[in-house]
Amino acid sequence: SGGLGIGGVQVTDAQYKKLAQLVYRLCGINLGDSKKELLKARLANRLRATGCRDVRGYIQRLENDPSGTELVCFLDVITTNKTDFFREPQHFDFMAKEILPKVDKLCQGNEPLRLWSAASSTGEEPYTIAIVLAENKQYWQRRGAKLLASDLSTQVLDHGRRAVYTMERAACIPRSVLTRYFQRGQNNWKGHVRVRPELRDLVEFRRVNLMDPFKFDKKFHIIFCRNVMIYFDKPTQERLVQKFFDCLVRGGYLFVGHSESLTGIQHRFGFVRPAVYRREN
């Protein structure tokens, strides 16, 4: 089969297929043929980092890695973690105007509002949600709020916990919001901002593989899972959406990315508006 030369690394079609199957089996991401060029361009880095001599050795390394840490590094290389603050802002407007004012109907008794950012990447999405919460405290303050931010990659979770971003990453944040919720870096940290402690305290970062069974003791009121399902095939999307349904309270909301509708997959959610769904029963 045709070998693909990259920076001295040969990847045969059979090896690419094997890598793709491995990724699919372990985390449901469907690489297809579209990622071949990207993979060729980026695999050399992982070979250098792991000290593997060739792709065959690297595949063995992935297969015999019980901790899954190398798989996560490999995925970081091929899935692009492009996230922004206030990405797809309609969702945050909807949360502020339509959901939070009715929080007492959504939550039982005095329980806290529970939210989950299910593909939190480097933290921009959960901190945006936290900003929306902070701006609308009057609706939930007496009951409290808990926000879980999860991802497959320990690397991006660490970034999220540190909560330090370059000014260019924060460029899309309205000025008034930036001064209220971020600290400007001094000296070595010039050109960076850090999320203030009161927002950081709202967010718990935890590693969750969306392919594993979910083990939450309480159901969520709001789940964000945006721009992740595009990497999955239909059966995987269907299973995931069913799992989200099962761990939402009745009346709870699921937000997906605007490029991902649930059209064409079997699900039990009610449609609220584009990319917003609700568990009605």
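Residues numbered from 1 in each chain as written. Predicted model: local features only at pLDDT ≥ 70, side-chain atom pairs only at ≥ 80, totals over all residues. Heavy atoms only, no water.

1. Thoughts on the nonpolar core
The biggest cluster of nonpolar side chains holds 48 residues, and the ones touching the most others in it are Trp-116, Leu-210, Ile-223, Phe-244, Leu-254 and Leu-262. In this structure, Phe-94, Leu-115, Leu-199 and Leu-202 belong to the second largest nonpolar core, which totals 44 residues. (Core = buried A, V, L, I, M, F, W, Y, C linked by side-chain atoms within 4.5 Å. Buried < 20%, exposed > 50% of the residue type's maximum accessible area, 1.4 Å probe, protein only.)

2. Details of the side chain of His-221
Residue placement: His-221 occurs in strand β9 (residues 220-225). Within the local environment of His-221, its side chain forms a polar contact with the side chain of Glu-111, the two groups lying 3.0 Å apart. Those residues within four positions of His-221 in sequence are excluded, and the remaining contacts are Leu-106, Cys-107, Glu-111, Pro-112, Leu-113, Arg-114, Leu-248, Val-249, Gly-252 and Tyr-253. (Helix = DSSP H or I, 4+ residues; strand = E, 2+ residues; numbered from the N terminus. Polar contact = N/O pair within 3.5 Å; in protein donor to acceptor, adjacent residues only side chain to side chain. Contact = heavy atoms within 4.5 Å.)

3. Some thoughts on the sheet that holds strand β7 (residues 192-195)
Spatially, the three strands line up as an open sheet ordered β5-β7-β6, and their pairing is antiparallel. Taken across any chain shown, the strands that pair with only one partner, and hence form the sheet edges, are β5 (164-166) and β6 (182-184). Sheet twist, expressed as the mean angle between neighbouring strand axes with direction ignored, is 35°. As defined by bridge partners, β5 adjoins β7 across three bridges and the pair is classed as antiparallel. Among the inter-strand pairings, Val-164 is bridged to a residue of β7, identified as Arg-194. Along the sheet, helix α8 (residues 154-162) makes contact with β5 and β7, crossing β5 at roughly 95°. (Pairing = 2+ DSSP bridges. Axes fitted to C-alpha atoms, helices over the stretch in contact; angles between N-to-C directions.)

4. Focus on the pattern of salt bridges
In this structure the tally under the stated criterion is 12 salt bridges. Taking the shortest distance from any N to any O, the salt bridge between Glu-124 and Arg-169 comes out at 3.1 Å. Note that Glu-124 is positioned in helix α7 (residues 124-135) and Arg-169 in the loop between β5 and α9 (175-181), a separation of 45 residues in sequence. Among the salt bridges present, the one from Arg-226 reaches Glu-125, with a minimum N-O distance of 2.8 Å. Taken together, the residues Arg-226 in the loop between β9 and α11 (234-246) and Glu-125 in helix α7 connect sequence positions 101 residues apart. Each member of the pair, Arg-226 together with Glu-125, is buried. (Salt bridge = Lys/Arg side-chain N within 4 Å of Asp/Glu carboxyl O.)

5. Focus: the packing of aromatic side chains
Scanning the model with the defined rule gives 18 aromatic pairs in all. Relative to Tyr-165, the ring of Phe-85 has its centre 5.0 Å away and its plane inclined at 85°; by these criteria the two rings are edge-to-face. Residue Phe-85 is found in the loop between α4 (69-78) and α5 (90-99), and its partner Tyr-165 is found in strand β5; the two are separated by 80 residues along the sequence. Overall, Phe-85 belongs to the buried group, its relative accessible area being 1%. The structure contains a cluster of three or more aromatic residues connected by ring pairs, namely Phe-86, Phe-92, Phe-94, Phe-224, Tyr-253 and Phe-255. (Phe/Tyr/Trp six-rings, centres within 6.5 Å; stacked < 30°, edge-to-face > 60°.)

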